[in-house]
Amino acid sequence: MAGVALAGRTGEVLAGAGDVRELLTRAERDRADALRSAADRDDFLAAHALVRLCAGELLGRPAQGLTVVQSCGRCDRPHGRPRLDGVAGVGVSLAHARGWVAAAAAHGPVGVDIEADDGRTPLDRRLAARACGPAELAELEAAADPRRTFLRQWVRKESLVKVGECTLDEVCRLDLPVHRPGPVRRGAWRLTDWSAAEAVGCVAAREQVRLRTVSGGRRHRTR
Ligand SMILES: CC(C)(COP(=O)(O)OP(=O)(O)OC[C@H]1O[C@@H](n2cnc3c(N)ncnc32)[C@H](O)[C@@H]1OP(=O)(O)O)[C@@H](O)C(=O)NCCC(=O)NCCS
Ligand SMILES: [Zn+2]
């Protein structure tokens with residue numbers, strides 16, 4: 001079976017996932033409760049629920065019984081790259097961005113990213129210059145919509161950061177093709193793009209993973 005990845009609006013994920021707090025660990029609930037903004041809290045809860053739904057679908061197991069643990073390798077706080085406790089060989093990933101969330105599970109490392117696109121914020125050329133290589137920058141400037149094109153490159157790069165291909169400071173070395181039909185590849189990684197009118201996303205894995213959109217209010221199986 002291929003990997004499983006889902007993306008959608010936070011509100012739709014929360015509407016379909018039942019009591020999401022019940023799915024989370026104490027450490028995750030504490031992290032959610034520490035967030036001041038209700039919108040950030042919802043994004044966090046939705047993403048952490050969605051990653052269990054992806055893993056549950058991949059494993060054919062109820063999401064309820066899956067425990068996500070996190071470690072950054074630098075400190076003792078329960079944050080950083082997520083993994084499933086007691087399930088070897090399966091990678092998980094999650095992302096949240098201003099009302100949108102994405103998550104993925106695969107047989108091996110997987111990285112997912114999502115960015116909201118309000119359609120108005122202009123291209124941040126300084127950020128683009130830090131994040132892109134020369135060939136990408138030239139392609140970006142020539143694109144019909146450089147702003148959206150940069151967002152596309154950014155989520156591709158962050159998905160590769162999440163599989164450990166490089167750090168956030170090194171993403172300009174990932175000189176990825178901007179325009180090319182078919183899935184973009186980087187070494188062994190296969191990048192699969194996802195688009196909505198107001199968001200873009202990407203999932204990176206060694207195996208095939210299709211990033212599906214969470215459909216409005218559909219109740220997911222958690223038990
Ligand atoms: C990975 C990273 C690029 C994503 O950050 P972002 O764009 O702000 O946020 P996103 O919504 O796309 O992704 C956040 C999720 O990525 C996951 N994540 C965090 N670090 C990760 C890593 N090193 N590898 C893979 N996934 C990671 C977490 O699940 C996190 O969600 P959570 O905080 O709700 O648990 C960023 O967190 C990073 O650079 N981390 C490394 C820095 C670090 O190690 N700090 C240690 C602090 S002690
Ligand atoms: Zn840390």
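Look a little higher up for the structure.
Our subject in this report is the structure included herewith. (Residues numbered from 1 in each chain as written. Chains lettered and ligands numbered in written order. Predicted model: local features only at pLDDT ≥ 70, side-chain atom pairs only at ≥ 80, totals over all residues. Heavy atoms only, no water.)

**Description of the site of ligand 1**
Reasoning step 1: Neighbouring ligand 1 are 18 residues; Arg31, His48, Gln70, His96 and Lys162 lie closest to it.
Reasoning step 2: Separating an oxygen atom of ligand 1 from a side-chain N or O atom of Gln70 is a distance of 2.6 Å.
Reasoning step 3: Within the backbone of Gly80, a nitrogen or oxygen atom sits 3.5 Å from a nitrogen atom of ligand 1.
Reasoning step 4: Contact with the protein chains hides 70% of the accessible area of ligand 1, taken as 890 Å² for the molecule alone.
Reasoning step 5: At the level of elements, helix H4 (38–59), strand S3 (81–84), strand S4 (91–97) and helix H7 (146–162) are the ones that each hand at least two residues to the shell around ligand 1.
Reasoning step 6: The dominant element in the shell around ligand 1, judged by the number of residues it contributes, is S4, at 3 residues.
Reasoning step 7: The residue inventory of the shell around ligand 1, partitioned by class, reads 7 nonpolar, 5 polar and 6 charged. (Near = heavy atom within 4 Å. Polar contact = N/O pair within 3.5 Å; in protein donor to acceptor, adjacent residues only side chain to side chain. Areas by Shrake-Rupley, 256 points an atom, 1.4 Å probe, with all protein chains shown as cover. Helix = DSSP H or I, 4+ residues; strand = E, 2+ residues; numbered from the N terminus. Nonpolar A, V, L, I, M, F, W, Y, C, P; charged D, E, K, R; others polar.)

**So, the pattern of salt bridges**
Reasoning step 1: Counting across every chain of the model gives 16 salt bridges.
Reasoning step 2: When the shortest N-O distance is used, the salt bridge between Arg21 and Asp33 registers 3.0 Å. Taken together, the residues Arg21 in helix H2 (residues 20–23) and Asp33 in helix H3 (residues 26–33) connect sequence positions 12 residues apart.
Reasoning step 3: Looking at Asp33, the relative accessible area reads 44%, which means it is partly exposed.
Reasoning step 4: A salt bridge links Arg120 to Asp118, with the shortest nitrogen-to-oxygen separation between them at 3.8 Å.
Reasoning step 5: Of the residues examined, Arg120 reaches a relative accessible area of 68% and is grouped as exposed.
Reasoning step 6: With relative accessibility at 33%, the residue Asp118 sits in the partly exposed group. (Salt bridge = Lys/Arg side-chain N within 4 Å of Asp/Glu carboxyl O. Buried < 20%, exposed > 50% of the residue type's maximum accessible area, 1.4 Å probe, protein only.)

**Digging into the coordination of the zinc ion (ligand 2)**
Reasoning step 1: Protein ligation of the zinc ion (ligand 2) involves Cys72 (SG), Cys75 (SG) and His79 (NE2), the donor distances falling in the range 2.0 to 2.3 Å.
Reasoning step 2: Motif for the zinc ion (ligand 2), donor spacing along one chain: C-x2-C-x3-H.
Reasoning step 3: The exposure class assigned to Cys75 is partly exposed, which follows from its relative accessible area of 31%. (Donors = N, O, S within 2.8 Å, 3.2 Å for Na, K, Ca; no water.)

**So, the nonpolar core**
Reasoning step 1: In terms of nonpolar packing, the biggest core is built from 31 residues, with Leu50 and Leu84 touching the most fellow members.
Reasoning step 2: Where this core is concerned, the elements lending two or more residues are strand S1 (3–9), H2, H4, S4 and strand S5 (100–106).
Reasoning step 3: Broken down by element, this core gets its largest block of residues, 11 residues, from H4.
Reasoning step 4: For Leu50, the contacting residues outside a window of four places in its chain are Leu6, Val13, Val101, Ala102, Ala103 and Val214.
Reasoning step 5: Of all hydrophobic cores here, the second largest spans 22 residues; its members include Trp154, Val161, Val163 and Cys166. (Core = buried A, V, L, I, M, F, W, Y, C linked by side-chain atoms within 4.5 Å. Contact = heavy atoms within 4.5 Å.)

**Re the environment of Val90**
Reasoning step 1: Inspection of the secondary structure puts Val90 in the loop between S3 and S4.
Reasoning step 2: Val90 sits in the buried class, given a relative accessible area of 12%.
Reasoning step 3: As a C-alpha pair, Val90 and Gly3 span 87 residues in sequence and 9.5 Å in three-dimensional space.
Reasoning step 4: Contacts of Val90, omitting those with residues within four sequence positions, involve Leu58, Leu59, Leu84, Ala106 and Gly108.

**Considerations on the sheet that holds strand S6 (residues 110–116)**
Reasoning step 1: The strand order across the open sheet built from 4 strands is S6-S9-S8-S7, with neighbouring strands paired in antiparallel fashion. Each edge of the sheet is formed by a strand with only one pairing partner; in this case those strands are S6 and strand S7 (184–186). Within the sheet, the average angular offset between the axes of one strand and its neighbour, ignoring direction, is 20°.
Reasoning step 2: Note that S6 and strand S9 (residues 199–205) share 7 bridges and pair antiparallel. (Pairing = 2+ DSSP bridges. Axes fitted to C-alpha atoms, helices over the stretch in contact; angles between N-to-C directions.)

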